[in-house]
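The residues making up each chain are set out below.
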Amino acid sequence: QVQLVESGGGLVQPGGSLRLSCAASGRTIINYGMGWFRQAPGKEREFVAAISRNGDQTVYADSVKGRFTVSRDNAKNTQNLQMNSLKPEDTAVYFCAAANFRFTTASYDYHYWGQGTQVTVSS
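Residues numbered from 1 in each chain as written. Predicted model: local features only at pLDDT ≥ 70, side-chain atom pairs only at ≥ 80, totals over all residues. Heavy atoms only, no water.

Some points on the environment of Ala 75
Then, number 1: Relative to the elements of secondary structure, Ala 75 occurs in the loop between β7 (68–73) and β8 (78–83).
Then, number 2: You can call Ala 75 exposed: its relative accessible area is 79%.
Then, number 3: Residues Ala 75 and Gln 57 lie 18 residues apart in sequence; the distance between their C-alpha atoms is 18 Å. (Helix = DSSP H or I, 4+ residues; strand = E, 2+ residues; numbered from the N terminus. Buried < 20%, exposed > 50% of the residue type's maximum accessible area, 1.4 Å probe, protein only.)

Here it is, written out as structure tokens:
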């Protein structure tokens, strides 16, 4: 199976930016649709963004549209999430995930998950 490791999380002030990365190993990610999910304390895991196998399609949760950008580099076996104009409500553990589908937003379609990276937005 493919293994996923997130990095790039941290503490940032409201309005700031962070760039998360997801490094894959074991399999080439060209075989997978990729996505990002997040989970805040006391809340269920929620969809953030998804990108198709070849990167030609993306979709975002309404709460992050215009602020977050998902990308992938299949040659480097990485997926990235650029987060701009961060808000306190963005505070959560962010997870990278891979699905055996070309393109999907459904959490139950994602069978491979990273360990998560903490993003805290606070002044």
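Let's pick the thread back up.
As for the state of the cysteines
Then, number 1: Counted according to the given criterion, the structure contains 1 disulfide.
Then, number 2: Shown here is the disulfide that connects Cys 22 with Cys 96, its sulfur atoms set 2.0 Å apart. On the sign convention where negative is left-handed, the bridge of Cys 22 and Cys 96, at about -75 degrees about the S-S bond, is left-handed. Residue Cys 22 is located in strand β3 (residues 18–25), and its partner Cys 96 is located in strand β9 (residues 92–99); the two are separated by 74 residues in the primary sequence. Accessibility assignment for this pair places Cys 22 and Cys 96 in one class, buried. (Disulfide = S-S within 2.5 Å.)

Structural notes on the pattern of salt bridges
Pairing is possible between side chains that carry opposite charge, provided their charged atoms lie close to one another.
Then, number 1: Overall, the coordinates contain 4 salt bridges when judged by the stated rule.
Then, number 2: The salt bridge partner of Glu 46 is Arg 38, with a shortest N-O separation of 2.7 Å.
Then, number 3: Residue Asp 90 pairs with Arg 67 through a salt bridge whose shortest N-O separation is 2.8 Å. You can see Asp 90 sitting in the loop between β8 and β9 and its partner Arg 67 sitting in the loop between β6 (58–60) and β7, a full 23 residues away along the chain. The pair Asp 90 / Arg 67 is uniform in exposure class, with both members buried. (Salt bridge = Lys/Arg side-chain N within 4 Å of Asp/Glu carboxyl O.)

Quick look at the environment of Gln 57
Then, number 1: Looking at the secondary structure, you find Gln 57 in the loop between β5 (46–51) and β6.
Then, number 2: Residues Gln 57 and Arg 19, spaced 38 residues apart in sequence, show a C-alpha to C-alpha distance of 20 Å.
Then, number 3: Once residues within four sequence positions are removed from consideration, Gln 57 is found in contact with Ala 50, Ile 51, Ser 52, Arg 102 and Phe 103.
Then, number 4: At 2.3 Å, the side chain of Gln 57 and the side chain of Arg 102 are in polar contact. (Contact = heavy atoms within 4.5 Å. Polar contact = N/O pair within 3.5 Å; in protein donor to acceptor, adjacent residues only side chain to side chain.)

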